[in-house]
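One-letter residues, chain by chain:
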Amino acid sequence: MKALVLEQQDKATLAEVKEIALPDMAAGDVRVDISWSGLNYKDALAITGKGKIIRQFPMVPGIDFAGHVSRSNDPRFSVGQSVILTGWGVGETHWGGLAEQACVKGDWLVALPEGLAARNAMIIGTAGFTAMLCVMALEEAGVTPESGTVVVTGASGGVGSTAVALLHTLGYTVAAVTGRGSTHDYLRKLGAGEILSRDDFAETRPLEKQLWAGAVDTVGDKVLAKLLAQTNYGGCVAACGLAGGFNLPTTVMPFILRNVRLQGVDSVSVPAERRAAVWERLLNTLPDDFYQQAATEITLEQAPAVAADFLNNKIQGRTLVKIGG
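Every value quoted in this text rests on a predicted model; they were computed, and no experiment measured them. (Residues numbered from 1 in each chain as written. Predicted model: local features only at pLDDT ≥ 70, side-chain atom pairs only at ≥ 80, totals over all residues. Heavy atoms only, no water.)

Asks: When you look at the environment of G244 in this model, what are you seeing that I'm missing?
Replies: Positionally, G244 belongs in the loop between strand 12 (231-239) and helix 6 (253-257). For G244, a relative accessible area of 43% translates into the label partly exposed. Here the alpha-carbon distance between G244 and E273, two residues 29 residues apart in the chain, equals 32 Å. In contact with G244, other than residues within four places in its own chain, are V219 and D221. (Helix = DSSP H or I, 4+ residues; strand = E, 2+ residues; numbered from the N terminus. Buried < 20%, exposed > 50% of the residue type's maximum accessible area, 1.4 Å probe, protein only. Contact = heavy atoms within 4.5 Å.)

Here you go:
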């Protein structure tokens, strides 16, 4: 099969599209012919070698994919069935989706929901899946459209842009935080009612004026600290990313004086039953026009160059990798 292969030479990561063979299938494995994959921030870190994502080389990156089953050692999946994969360390510790085929455990797969095309599933991808988990976390914390404005950081990225669209469709008033003026029109089309500069979140005090009923944060560090200081009494911040760093320079004051909840959101090891529920929510919530304005399509060969653009903050929305038919 053709795949993007990462290898290491003199501590540098080399990315090249080449022909390789998949390993033999084990009990419970499913082989998938991949139609679409995505390029995510984590993929960009892996491909460029800028982050310690890959521990074992050679590796095929790609943390998500959609396709159809070509062989199955798992009775839950049959040949020809359409499936999706996100998470489970695929593309990090197990060969991933930037290839024509993948061999994965059946436990890692979700059947493609009826009515959702494979391409649209990858427009959603890991980013959209994570965004829906964040929205559900806010809902479960009692944040409703009537509670007030919800702010989304890193709003022009894959997670952020999908979170803006989901929240707007569900009736929330949304404020979007971005560092790029060129994305403002895009964010307004997705449903942002207010757009804030990332520079506004550079410094923070332990407590600030209460502004947000809830938040979806993809950045971390000082941005997350400021969100916590500005969240309303009883509000919730769903944190799912660390694009700005993994430190959290804050105090306990938002938590013990304003009853603020900081809810971590992981998309890698979500149990199968909840995964299926998340995909159904996505199918039933995202409007049709979301799929027309939220994706850029590239080839497998273009992935290394586009990965560099990710780290230079040049990517807007989701990036799709077209692989098979």
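Asks: I'm lost on the environment of S147 in this one. Help?
Replies: Along the chain, S147 turns up in the loop between helix 2 (118-140) and strand 8 (150-152). Sequence spacing of S147 and W212 is 65 residues, and the spatial spacing of their C-alpha atoms is 8.8 Å. Once you skip the residues sitting within four places of it in the chain, S147 turns out to touch G142, A213 and N232.

Asks: Any chance you could explain the packing of aromatic side chains here in plain terms?
Replies: Here the distance between the centres and the angle between the planes together describe a pair of aromatic rings. For the structure shown, the criterion picks out 2 aromatic pairs. With a centroid separation of 5.7 Å and 80° between ring planes, the pair formed by F290 and Y291 is classed as edge-to-face. Considered together, F290 and Y291 belong to a single accessibility category, that of buried residues. A cation sits over an aromatic face here: R119 above W36, 5.3 Å from the ring centre. (Phe/Tyr/Trp six-rings, centres within 6.5 Å; stacked < 30°, edge-to-face > 60°. Lys NZ or Arg CZ within 6 Å of the ring centre and 35° of its normal.)

Asks: So what exactly am I meant to see when it comes to helix 3 (residues 158-169) here?
Replies: For an α-helix the count is 3.6 residues per turn, leaving residues at separations of three or four pointing the same way. Taking 1.5 Å per residue, 12 residues should reach 16 Å; helix 3 reaches 17 Å between its end C-alpha atoms and fits that length. Across the 12 residues that make up helix 3, a large majority, 10, are buried. Along helix 3, the residues classified as buried are G158, V159, G160, S161, T162, A163, V164, A165, L166 and L167. Backbone geometry just downstream of helix 3 places G171 in the positive-phi region, at approximately 100°. (Expected span 1.5 Å × (residues − 1).)

Asks: Explain the packing of helix 1 (residues 41-48) against helix 9 (residues 303-311) here, please?
Replies: Any two packed helices are characterised by the angle at which their axes cross and by the distance between the axes. Close contact between helix 1 and helix 9 brings their axes to 8 Å; oriented N to C, the two are set at 115°. The angle between helix 1 and helix 9 falls in the class roughly perpendicular. The hand of the helix 1/helix 9 crossing is left-handed. Contact residues: helix 1 offers Y41, A44, L45, I47 and T48, while helix 9 offers P304, A307, A308, F310 and L311. Residues belonging to the contact of helix 1 with helix 9 are distributed by class as follows: 9 nonpolar, 1 polar and no charged. (Axes fitted to C-alpha atoms, helices over the stretch in contact; angles between N-to-C directions. Parallel < 35°, antiparallel > 145°, perpendicular 65-115°, else oblique. Left-handed = near helix turned anticlockwise from the far one by under 90°. Nonpolar A, V, L, I, M, F, W, Y, C, P; charged D, E, K, R; others polar.)

Asks: Sorry, what's going on with the pattern of salt bridges here?
Replies: Pairs can form between side chains of opposite charge once their charged atoms are near each other. Per the counting criterion, the structure on display carries 12 salt bridges. For E203, the salt bridge is made with K222, and the minimal N-O distance between the two is 3.7 Å. One end of the pair, E203, is in the loop between strand 10 (194-197) and strand 11 (212-217); the other, K222, is in helix 5 (residues 221-230), with 19 residues separating them in the sequence. Its salt-bridge partner being E208, residue K226 comes within 3.0 Å of it at the nearest N-O pair. One end of the pair, K226, is in helix 5; the other, E208, is in the loop between strand 10 and strand 11, with 18 residues separating them in the sequence. Judged on exposure class, the residue K226 and its partner E208 are both buried. (Salt bridge = Lys/Arg side-chain N within 4 Å of Asp/Glu carboxyl O.)

Asks: I'm lost on the side chain of R258 in this one. Help?
Replies: Within the secondary structure, R258 sits in the loop between helix 6 and strand 13 (261-264). With no salt bridge to any partner, buried R258 finds its closest opposite charge in E208, at an N-O distance of 8.0 Å. Looking at R258, its side chain comes within polar contact range of the main-chain oxygen of A229, at 2.8 Å. Excluding residues that lie within four positions of it along the chain, R258 makes contacts with L207, E208, Q210, A229, T231, N232, Y233, G234 and M253. (Lys, Arg positive; Asp, Glu negative; His and termini not counted. Polar contact = N/O pair within 3.5 Å; in protein donor to acceptor, adjacent residues only side chain to side chain.)

Asks: I would appreciate a short explanation of the sheet that holds strand 11 in the present structure.
Replies: Pairing between the strands of a sheet is mediated by backbone hydrogen bonds and can be parallel or antiparallel. Reading across the sheet, the 6 strands line up as 10-9-8-11-12-13 and stay open at both edges, with parallel pairing between neighbours. Among the strands making up the open sheet, the edge pair consists of strand 10 and strand 13. Geometrically, the sheet is characterised by an average inter-axis angle of 20° between neighbouring strands, direction not taken into account. As judged from the 3 bridges shared by strand 8 and strand 9 (residues 174-178), these two strands associate in the parallel manner. (Pairing = 2+ DSSP bridges.)

Asks: I keep staring at the side chain of T153 and nothing clicks. Help me out?
Replies: Looking at the secondary structure, you find T153 in the loop between strand 8 and helix 3. Of the polar contacts made by the side chain of T153, one reaches the side chain of D217; its length is 2.6 Å.

Asks: How do you make sense of the pairing of strand 9 when you look at a structure like this?
Replies: It is a general feature of regular strands that their side chains alternate between the two faces of the sheet. Of all 5 residues making up strand 9, 5 are buried, and the element is well covered by its neighbours. Here strand 9 shows two buried faces, one formed by V174, A176 and T178 and the other by A175 and V177. In terms of strand pairing, strand 9 meets strand 10 through 4 bridges, oriented parallel. Its bridge partner being in strand 10, A176 is matched across the sheet by I195. Once the chain exits strand 9 it traverses helix 4 (residues 184-190) before rejoining the sheet at strand 10, and the crossover so formed is right-handed. (Right-handed = clockwise from strand over helix to strand, strands pointing away.)

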